[in-house]
Amino acid sequence: MKAMVLRAPSDLVLDEVARPEPAPGQVLIRVTHSGVCGTDYKIYNGSIKVPYPLIPGHEMVGERVDTGERVIIDPETYDGTCFYCQKGLTNLCPNGTLIGRDVNGGFAEFLMVPATQVFTLPDSIDDRTAPMIQVLTTCLHAQRQVEIFPGDTVAVIGLGVTGQLHVQLAKARGARIIGITRSAEKRAMAEQLGADVTIAGGDTSIEQVRELTGGRGADLTIETTGILKQLESSVHMTRFGGKVLMFGIYTVKEGALPFYDLYFKEVSLISARVAKPEDYTACIALVERGQVKLEPLVSDVMPLGELKAAINLLASDSGQRMKIIMEHT
Ligand SMILES: [Zn+2]
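Residues numbered from 1 in each chain as written. Predicted model: local features only at pLDDT ≥ 70, side-chain atom pairs only at ≥ 80, totals over all residues. Heavy atoms only, no water.

J.: Honestly, helix α10 (residues 307-316) in this entry has me stumped. Any pointers?
T.: Given 3.6 residues per turn, any residue in an α-helix points the same way as the ones three and four places further on. What α10 keeps buried is the set Leu307, Ala310, Ile311 and Leu314. With its buried residues spanning 95 degrees around the axis, α10 presents them on a single face. Looking at the packing, one finds that the buried side of α10 touches β1 (2-8), β2 (11-16), β3 (26-36), α1 (38-45), β14 (298-303) and β15 (323-327). (Buried < 20%, exposed > 50% of the residue type's maximum accessible area, 1.4 Å probe, protein only. Helix = DSSP H or I, 4+ residues; strand = E, 2+ residues; numbered from the N terminus. Arc of directions from axis to C-beta. Contact = heavy atoms within 4.5 Å.)

J.: Mind showing me how you'd approach the domain arrangement of the chain here?
T.: Interfaces are frequently sized by the accessible area removed from exposure as the parts join. By the assigned domains, the chain splits into domain 1 (2-136 + 275-327) and domain 2 (145-271). Taken over C-alpha atoms, the centre of domain 1 sits 28 Å from the centre of domain 2. The interface is formed by 14 residues belonging to domain 1 together with 14 residues belonging to domain 2. Carbon and sulfur atoms make up 73% of the area that domain 1 and domain 2 hide from each other, which totals about 1200 Å². Considering only the surface of domain 1 that becomes buried against domain 2, Val135, Leu297 and Met322 emerge as the three largest contributors, covering 37% of it. At the junction of domain 1 and domain 2, the tally comes to 0 salt bridges. Here domain 1 and domain 2 share 1 residue pair in polar contact (both at pLDDT 80 or more) between them. The element best represented in the side of domain 1 that touches domain 2 is helix α3 (residues 132-143), accounting for 3 residues. When grouped by side-chain class, the residues that make up the side of domain 1 that touches domain 2 number 9 nonpolar, 3 polar and 2 charged. (Domains from an automatic or database assignment. Buried area = accessible area lost by both parts, 1.4 Å probe. Salt bridge = Lys/Arg side-chain N within 4 Å of Asp/Glu carboxyl O. Polar contact = N/O pair within 3.5 Å; in protein donor to acceptor, adjacent residues only side chain to side chain. Nonpolar A, V, L, I, M, F, W, Y, C, P; charged D, E, K, R; others polar.)

J.: Please explain unusual backbone geometry as it appears in this structure.
T.: Most peptide bonds adopt trans geometry, and most residues besides glycine take a negative phi value. Residues Tyr52 and Pro53 are joined by a peptide bond in cis, for which omega reads -5 degrees. If you check the backbone angles, Glu266 has positive phi at about 50 degrees while not being a glycine. Relative to the elements of secondary structure, Glu266 occurs in the loop between α8 (259-265) and β13 (268-271). By relative accessible area, which is 62% here, Glu266 ends up exposed. A positive phi is found at Val274, a non-glycine position, where the angle reads about 45 degrees. Secondary-structure assignment places Val274 in the loop between β13 and α9 (277-288). Taking relative accessible area as the criterion, Val274 reaches 24% and is therefore assigned partly exposed.

This is how it looks when you write it as structure tokens:
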């Protein structure tokens with residue numbers, strides 16, 4: 001079968017490799033579409049270490065070879081037997097793997113995965129947008145960690161793909177949304193998708209959020225950029241007793257946060273990592289009902305063989321690109 005193989009950092013080629021053989025408890029998927037994300041870029045350039053050679057790709061949809069059903073794949077595997085799995089925290093399983101990082105992933109014609117990792121897609125969700133359901137599950141899992149009540153004000157910092165999904169999810173929960181980014185295009189998109197107000201970010205954003213909330217600050221701030229400076233701003237634009245959802249992935253090794261403000265305002269910092277199986281069925285339903293729209297988030301569709309160009313596009317475009325979808329056939 002054809003697959004995109006990463007042989008070493010930045011050495012990604014379209015190659016002919018053996019098709020995986022179905023094993024007990026596993027299902028063979030013919031992958032039809034996949035999404036490219038920032039993690040793929042970090043795997044590609046070597047900042048995330050992987051076993052080489054590796055077929056990356058963890059946002060993928062396809063057809064079960066045995067039944068022909070269209071499915072989305074949950075790339076986060078878990079053993080189902082450990083302390084965490086028994087507590088229902090499968091996303092934290094220490095024996096879990098990420099398909100496309102620890103084992104071969106979806107940038108290929110075929111992929112074999114445990115039968116527990118596949119979820120059937122309804123006909124109303126099209127193949128081109130479906131890979132983003134994986135991204136949506138991580139947003140939903142994160143929002144499950146915080147209460148949002150109708151009438152709450154939620155500030156969303158960063159309006160890339162995950163920011164736009166957070167806007168829609170928080171809107172579905174009845175909140176008033178303030179979207180924050182420098183990009184005028186992304187602000188316009190967020191307003192289309194449910195943001196009540198958008199602001200341009202920068203130094204005045206903290207003051208603007210306070211002005212929009214009677215001087216108090218947001219009940220919840222969702223930080224999606226992974227930039228420490230933005231996390232600091234999140235603390236300042238959140239009200240006393242409010243919460244900051246740290247959705248961006250912070251990889252900095254050192255740096256300071258306004259600790260005294262955290263204490264004095266009694267602001268909670270909340271983390272969330274990947275998603276659980278329950279988030280797949282919930283997200284499929286949210287998309288099927290039109291409560292979350294994925295189509296506007298697709299900025300490019302490219303053939304699988306152009307993955308290297310797609311990753312470079314994502315990296316070089318200073319964040320203006322939204323989701324790039326690879327077409328496998
Ligand atoms: Zn486990």
